[in-house]
Amino acid sequence: MSWWYAHRSRKHPVADPQPSEADVLSWPPDTPTYQKAIRRLFRRQIRVLVPTIPDNFFGLDLLPDLRRKVNEPRLDVLFDFSDCKHLSQQAIAFLGGLARLVEGSRGTADFAWKTCRPKILRVLQANGFTNMFHGPIGVAGAHSVPYREYKRADPDSVVAYLGNSWLAPEWLSLTPALREALVAVVLEIYLNAFEHSQSPIGVLTCGHHDEARRTLRLIVMDFGVGIPDRVRMFTSRPTLRASTTMKWAFTPGATTNPIRDTIRGMGLHLLKEFVRLNHGELRVFSQEGLAAVKGTRERFVNRLVPFQGTLVDIMFRCDDRRYGFASELAEQPPLFG
Amino acid sequence: MPTIQVHTLVGDNCITLEQGEPVYREVHRLLSEGQTVQLDFAGVAVCASPFLNAAIGRLMKDFAPADLEKKLTVQHLTSVGTQLMRKVIENSQRYYHDPDARNALERILDEEVDPTDGTASSDKR
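Glancing now at the pairing of strand S2 (residues 75–80) of chain A. Residues and elements named next belong to chain A. Along S2, five of the six residues are buried, which leaves the element largely enclosed by surrounding structure. Taking the sense of rotation as the criterion, the β-α-β connection linking strand S1 (residues 44–49), helix H4 (residues 57–69) and S2 turns out right-handed. Here five bridges tie S2 to strand S3 (residues 108–112), and the two strands are oriented parallel to one another. Along S3, the bridge assignment pairs Asp80 with Ala112. Taking the sense of rotation as the criterion, the β-α-β connection linking S2, helix H5 (residues 89–104) and S3 turns out right-handed.

Moving on, we get to the sheet that holds S1 of chain A. Residue and element names in this part refer to chain A. Pairing in this open sheet of three strands is parallel, and the strands run S1-S2-S3 from one edge to the other. Only two strands of the sheet have a single neighbouring strand rather than two, namely S1 and S3. Adjacent strand axes in the sheet meet at a mean angle of 20°, parallel and antiparallel pairs treated alike. Helix-sheet contacts for H4 involve S1 and S2, and the interaxial angle to S1 is about 165°. Seen against the sheet, H5 touches S2 and S3 and runs at an angle of roughly 145° to S3.

We now examine the side chain of Arg237 of chain A. Its location among the elements puts Arg237 of chain A in the loop between helix H10 (227–235) and helix H11 (242–249). Engagement of the side chain of Arg237 of chain A in a polar contact is seen with the side chain of Asp110 of chain B, the distance being 2.9 Å.

Once that is clear, we can look at the domain arrangement of chain A. All names here are of chain A. Partitioning chain A into structural domains gives domain 1 (29–141) and domain 2 (143–337). The C-alpha-based centres of domain 1 and domain 2 are spaced at 26 Å. On the side of domain 2, 28 residues touch domain 1, which itself brings 24 residues to the contact. In terms of surface lost to domain 2, no three residues of domain 1 exceed Phe57, Arg67 and Gln89, which account for 26% of the buried area on that side. Seen at the junction of domain 1 and domain 2, the total is three salt bridges. Applying the counting rule to domain 1 against domain 2 returns six residue pairs in polar contact (both at pLDDT 80 or more). Where the side of domain 1 that touches domain 2 is concerned, the elements lending two or more residues are H4, H5, helix H6 (118–126) and helix H7 (129–132). Residue contributions to the side of domain 1 that touches domain 2 peak at ten residues, all from H5. Along the lines of polarity and charge, the residues of the side of domain 1 that touches domain 2 split into 14 nonpolar, six polar and four charged.

Time to look at the interface of chain A and chain B. Each side of the interface is counted separately: chain A has 43 residues, and chain B has 50 residues. For the pair chain A and chain B, the summed buried surface comes to about 4,000 Å²; carbon and sulfur atoms form 63% of the total. There are two salt bridges connecting chain A and chain B. Residues Asp110 of chain B and Arg237 of chain A are paired through a salt bridge, measuring 2.9 Å at the closest nitrogen-oxygen approach. Counting every contact that joins chain A to chain B gives five residue pairs in polar contact (both at pLDDT 80 or more). Taken together, the elements giving at least two residues each to the side of chain A that touches chain B come down to helix H8 (155–166), helix H9 (176–196), H11 and helix H12 (267–277) of chain A. Among the elements that take part in the side of chain A that touches chain B, H9 of chain A stands out by supplying eight residues, more than any other. Classifying every residue of the side of chain A that touches chain B gives 23 nonpolar, ten polar and ten charged.

Residue and element names in this part refer to chain A. The strand order across the open sheet formed by five strands is S4-S5-S6-S8-S7, and the pairing between neighbours is antiparallel. Strand pairing shows two members of the sheet lacking a second neighbour, strand S4 (144–150) and strand S7 (281–294), which therefore form its edges. Strand-to-strand twist in this sheet, taken as the mean axis angle between neighbours without regard to direction, amounts to 15°. Of the pairings in the sheet, the one linking strand S6 (residues 215–222) to strand S8 (residues 297–317) comprises eight bridges and is antiparallel in character. Each bridged residue has a counterpart across the sheet, and for Thr215 the counterpart in S8 is Arg317.

Once that is clear, we can look at the nonpolar core. All names here are of chain A. The biggest cluster of nonpolar side chains holds 86 residues, and the ones touching the most others in it are Leu162, Trp166, Val186 and Tyr190. Tallying contributions element by element places H9 first for this core, with 14 residues. Residues contacting Val186, with those up to four places away along its chain left out, are Leu162, Trp166, Leu218, Leu271, Ile314 and Phe316.

Calculation criteria
Residues numbered from 1 in each chain as written. Chains lettered and ligands numbered in written order. Predicted model: local features only at pLDDT ≥ 70, side-chain atom pairs only at ≥ 80, totals over all residues. Heavy atoms only, no water. Buried < 20%, exposed > 50% of the residue type's maximum accessible area, 1.4 Å probe, protein only. Helix = DSSP H or I, 4+ residues; strand = E, 2+ residues; numbered from the N terminus. Right-handed = clockwise from strand over helix to strand, strands pointing away. Pairing = 2+ DSSP bridges. Axes fitted to C-alpha atoms, helices over the stretch in contact; angles between N-to-C directions. Contact = heavy atoms within 4.5 Å. Polar contact = N/O pair within 3.5 Å; in protein donor to acceptor, adjacent residues only side chain to side chain. Domains from an automatic or database assignment. Buried area = accessible area lost by both parts, 1.4 Å probe. Salt bridge = Lys/Arg side-chain N within 4 Å of Asp/Glu carboxyl O. Nonpolar A, V, L, I, M, F, W, Y, C, P; charged D, E, K, R; others polar. Core = buried A, V, L, I, M, F, W, Y, C linked by side-chain atoms within 4.5 Å.

Next up, the structure:
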């Protein structure tokens, strides 16, 4: 449709301003081809260089910058891995989220798979990430927890994912009780994300089983309203520090969505206790708040680089010897006593 | 003694608050009639705390723990489910019968340290 612009600019070179997209879209003819051509005029193509993202706090601080680069509508984004030597599990979930965010803003997201180092590509193929984003299909990895996206609350599907994929029986020897305990306690992270976050991309998840260290890792992420803002809104205390809101959220009975007489808000507390008793690690990044539980230590701090949304990073030791929600498992006091 | 088959009412996975609602209503009705109730979890694979809060925890509001101990029996619940239920009951007891527990959350917010002078905001009031 360039003749249309050319005609107008020749006739009114200065006085006539550039038409807005709305003006142009309302102009007939209203055919799909015309609309597509016009939309293309208002698009911007960018190439986003994915840096090396290590599996630590520094790596996590690099993620918000990536989001800033794609934070506008109608972008055609190409993620380029030329500079990337390592991609953490957190970064994998985050990249998937970014791609869906771009697509949700009427843009397109592609990955330059040829720029990917073989080691990284193997990881992305093993967990099915490349498959989700039209990349080269590879062999599913024996110790890779599949990358999944949940657009809406589907607890039964999450139970199946946790039981069959995360705790895959072929590479993990767990007692049925430990398997059930892990599913029950981790499931609540998903329930919280579905219920509270209003995430535009739903909930994304991936993970990894480290055979040498005998650890099991799971990442659950959303780009919705973070815990600090939800607590601030609920308590009508807009100046609360993020660390305080995180501590509050981990207290039993704390919920930002009370329903009648039902007691709620046990999920994070139970998870914390389970992690503590089973010598695992838990890190919850939400906006500028961080809750970290490692063994018996726990800390709630403010971070300088905020994470827009919530990222839960759980690591358990694959050890059948200790598990449970309480240390006094041998005792069986009356339920209601 | 009436037996409530949780699997029939809910299904394989007892997870959400909504799933706990019919179980709660049924148990509450029978207990209010003075009957002894048996809750059978046979066939249930996974129990999560939101379900247990809605189905069992809420009973603590209207019934004393001693009455529940006598009149509500739980059957075929896995060891993990039993541990979770214990946690839920413990929490509900605190919430409904310990007035101080309700203020605990408020205290956490009041204890916030002011970054400007290092004092707790509650100290200033």
